[in-house]
Amino acid sequence: DVQLQASGGGLVQAGESLRLSCTASGFGHDDYSIGWYRQAPGKEREGVSCITGDGTAHYADSMKGRFTISRDNAKNTVYLQMNSLKPEDTAVYYCNLRVFEYAYWGQGTLVTVSS
């Protein structure tokens, strides 16, 4: 069974940084895309960033230059380094894994950025 476990959220002040982690289990290969969505209070869920099995990273426009995604295939873990955080980054961040027509979701980790 595929399982995703996310961690790293917390409460920070504007301008500070956080590093999110998500570990995937249930795969014997690295040929999947994995990344992050987020959902802020009162808003729709939006894509943040994802990275393919060969290391190609994608970012939403508003995150470019501030967020960096990476993966450690030996640990089946994806990281999201979030710098220069803003209050509007406050959201529950969900780990997402996609392989072929399947998509899997983690439990979410809360990021709160105070002004």
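The structure under discussion appears in the preceding block.
Right, let's walk through the structure included here. In this text, all values refer to a predicted model and were calculated from it rather than measured experimentally.

**What about the sheet that holds strand β3 (residues 18-25)?**
Working definition: the strands of a sheet are paired by backbone hydrogen bonds and lie parallel or antiparallel to each other.
Alright, step 1. An order of β1-β3-β8-β7 is seen for the 4 strands of this open sheet, with the pairing classed as antiparallel. Edge strands, defined here as strands with exactly one partner in the open sheet, are β1 (3-7) and β7 (67-72). Averaged over neighbouring strand pairs, the angle between their axes works out to 15° when direction is ignored.
Alright, step 2. With 6 bridges connecting them, β3 and strand β8 (residues 77-82) associate as antiparallel partners. Residue Leu20 lies in a different strand from β8, and its bridge partner there is Leu80.

**Here we look at the pairing of strand β11 (residues 109-114)**
Alright, step 1. On β11, burial follows the alternation: Thr109, Val111 and Val113 on one face are buried, whereas Leu110, Thr112 and Ser114 on the facing-out side are not.
Alright, step 2. Across 4 bridges, strand β2 (residues 10-13) lies against β11 in parallel orientation. Opposite Val12, over in β11, you have Val113 as the bridge partner.
Alright, step 3. Sheet analysis places strand β9 (residues 91-99) next to β11, joined by 3 bridges and oriented antiparallel. Bridge pairing links Ala91 to Val111 in β11.

What counts, and where the lines are drawn
Residues numbered from 1 in each chain as written. Predicted model: local features only at pLDDT ≥ 70, side-chain atom pairs only at ≥ 80, totals over all residues. Heavy atoms only, no water. Pairing = 2+ DSSP bridges. Helix = DSSP H or I, 4+ residues; strand = E, 2+ residues; numbered from the N terminus. Axes fitted to C-alpha atoms, helices over the stretch in contact; angles between N-to-C directions. Buried < 20%, exposed > 50% of the residue type's maximum accessible area, 1.4 Å probe, protein only.

Geometric descriptors of this kind do not, in isolation, establish any biological role.
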